[in-house]
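Listed here are the chains, written in short residue letters.
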Amino acid sequence: MSWFIFAHGDCDGVCSASLAFSVKKDAKVFFTSPAGLLQDLKQVKDENLIITDIALTSSYKEEIISELKRISSKSEVLYFDHHPLPSGLSKEEIPATLIRGNDDSCASELVYSYFKDELDPELSRVMVYGAIGDYSDNTKVVKMVLNEWDKRELYLEAGILVKVLEGTRKRDYDFKRSLVLYLSQNKLPSLSEELVKIAVQESILDEQMREVVKGNTKVVGNVSYVKDVPWSLGKAATYARVYGKTIVGVAAEQRKEYVDMSIRSITLDNLYEVVSKVAESLNGTGGGHKNAAGSRVPKDLFMQFISKLNDAVSTQLSS
Ligand SMILES: [Mn+2]
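As a starting point, this report considers the structure included with it. (Residues numbered from 1 in each chain as written. Predicted model: local features only at pLDDT ≥ 70, side-chain atom pairs only at ≥ 80, totals over all residues. Heavy atoms only, no water.)

Every protein donor of the manganese ion is accounted for by Asp 12 (OD), Asp 53 (OD), His 82 (NE2) and Asp 134 (OD), and the metal-donor separations fall at 2.1 to 2.4 Å. All donors to the manganese ion come from one chain, and their sequence spacing reads D-x40-D-x28-H-x51-D. Pair noted here: His 82 is in the loop between strand 4 (77-81) and strand 5 (97-100) and Asp 134 is in the loop between helix 5 (124-133) and helix 6 (140-146), with a separation of 52 residues, a long-range link. Residue classification places His 82 among the buried residues on the basis of a relative accessible area of 2%. (Donors = N, O, S within 2.8 Å, 3.2 Å for Na, K, Ca; no water. Helix = DSSP H or I, 4+ residues; strand = E, 2+ residues; numbered from the N terminus. Buried < 20%, exposed > 50% of the residue type's maximum accessible area, 1.4 Å probe, protein only.)

Take a look at the structure:
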C-alpha cells in the first residue's frame with residue numbers, strides 16, 4: 001500500500017516531511033493546514049498516511065476523528081504533532097498511531113526519533129533545521145545531535161530554509177515538494193544557487209517590509225495589528241507586536257471569504273487557548289502554541305476578532 005504524507009508548509013513541516021519521505025520513498029507529499037486537514041483527509045482512499053506538524057483544531061475535531069477512523073480501519077495512520085490538543089479531547093480518542101511530544105519538541109524531532117533506526121544518521125541535521133525553524137532547538141535530543149555537528153553551519157542552513165519557506169514561495173507547493181526531495185537526500189540548502197538567491201531576495205524584502213509594518217501598525221489596547229502587508233505573516237505579527245509595544249501582535253491577510261492570521265505574543269504562555277476561543281466565538285478556527293498561533297475567521301469579522309482578542313488578553317492580564 002502506498003503512502004501519503006500530509007505536512008505543514010513551514011520549516012518544521014517541510015523538514016519533518018523530508019525525514020519521513022527518506023523512509024517512505026514512494027510517498028506522495030501534500031501540504032495542508034489545520035483548517036484544510038479535514039478536506040484533505042477526505043481525499044485519502046487506500047493509502048497509508050503520515051500526518052506531520054498539523055494541529056488538530058477543535059472546530060472540526062469530530063469530523064476529523066471520524067475521517068481518521070475511516071482511514072485507520074484499513075490503513076496505517078501515523079500522526080506526528082506537538083501542538084496542544086483541543087480542550088476536552090484526549091489522546092485515546094484519536095484513532096491513529098499518535099506520536100506526540102510536548103510543545104518543546106518539534107515535529108521534525110518526533111519524526112526523527114520515531115524512524116531513527118531506518119534513517120541515514122546524517123539526516124540528523126535536517127531534523128535540526130526543523131527544530132531551529134520552530135524555535136525548538138533547546139531539547140535534549142536536539143542538543144545531543146548538535147554535539148555531532150558544528151552548530152554554526154547548521155544555523156546558516158536553517159536560516160536559508162526559513163527565509164525560503166516563509167517568503168514569496170509560501171504557497172508554491174510544487175516547489176516545496178522539490179525541497180522535500182532535496183533535503184531528504186541530505187543536500188545542503190547553501191549549495192543550491194536557487195535557494196540562496198531566494199533567501200537573499202527575501203532578506204531585501206524583509207528590510208523593506210519591516211519598515212512598512214512600522215508605519216502601518218495599529219493598536220487596540222494590548223493588541224497590535226497589521227493587515228495585508230505582502231510579507232510573511234509570522235514575521236509581520238512579530239514586528240507589529242514590537243513596534244506597537246504590546247504583548248500581542250497580529251498580522252492578517254484577506255483571502256476570498258476569510259482572513260488568515262498569524263498571532264505572536266510574549267509572556268502569555270496560553271496564546272493558543274485564547275486565540276481558539278475567540279476565533280470559535282466568531283465562527284472561525286484557531287490554535288497553535290504558547291506564544292505563537294494562527295487563526296482564520298470570516299473576513300467581515302476581523303475587527304471583532306481584534307477587539308475580542310484584546311478583551312480576552314486584558315482580562316487575563318488583570319487577573
Ligand atoms: Mn512545528
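Next, the rest of the story.
Put simply, side chains in a regular strand alternate between the two faces of the sheet. A one-sided burial pattern is seen for strand 2 (residues 28-31), the buried positions being Val 29 and Phe 31 and the unburied ones Lys 28 and Phe 30. Here strand 1 (residues 3-7) runs beside strand 2; their pairing, made up of four bridges, is parallel. Bridge pairing in strand 2 links Phe 4 to Lys 28. Each parallel crossover has a hand, and the one from strand 1 via helix 1 (residues 11-23) to strand 2 is right-handed. (Pairing = 2+ DSSP bridges. Right-handed = clockwise from strand over helix to strand, strands pointing away.)

The next thing to look at is the environment of Leu 205. Mapped onto the elements, Leu 205 comes out in helix 9 (residues 193-216). Residue classification places Leu 205 among the buried positions, given a relative accessible area of 18%. Other than its neighbours up to four places away in sequence, Leu 205 contacts Pro 230 and Trp 231. (Contact = heavy atoms within 4.5 Å.)

Strand order across the open sheet formed by six strands is 6-7-8-9-11-10, with mixed pairing between neighbours. Edge positions in the sheet fall to strand 6 (218-220) and strand 10 (285-288), since each has one partner strand and no second. In this sheet, adjacent strand axes meet at a mean angle of 20 degrees when their direction is disregarded. Two strands pair when backbone bridges link them, and strand 8 (residues 248-255) and strand 9 (residues 258-265) are joined in this way by eight bridges, in the antiparallel orientation. Looking across to strand 9, one finds that Val 250 is bridged to Ile 263. (Axes fitted to C-alpha atoms, helices over the stretch in contact; angles between N-to-C directions.)

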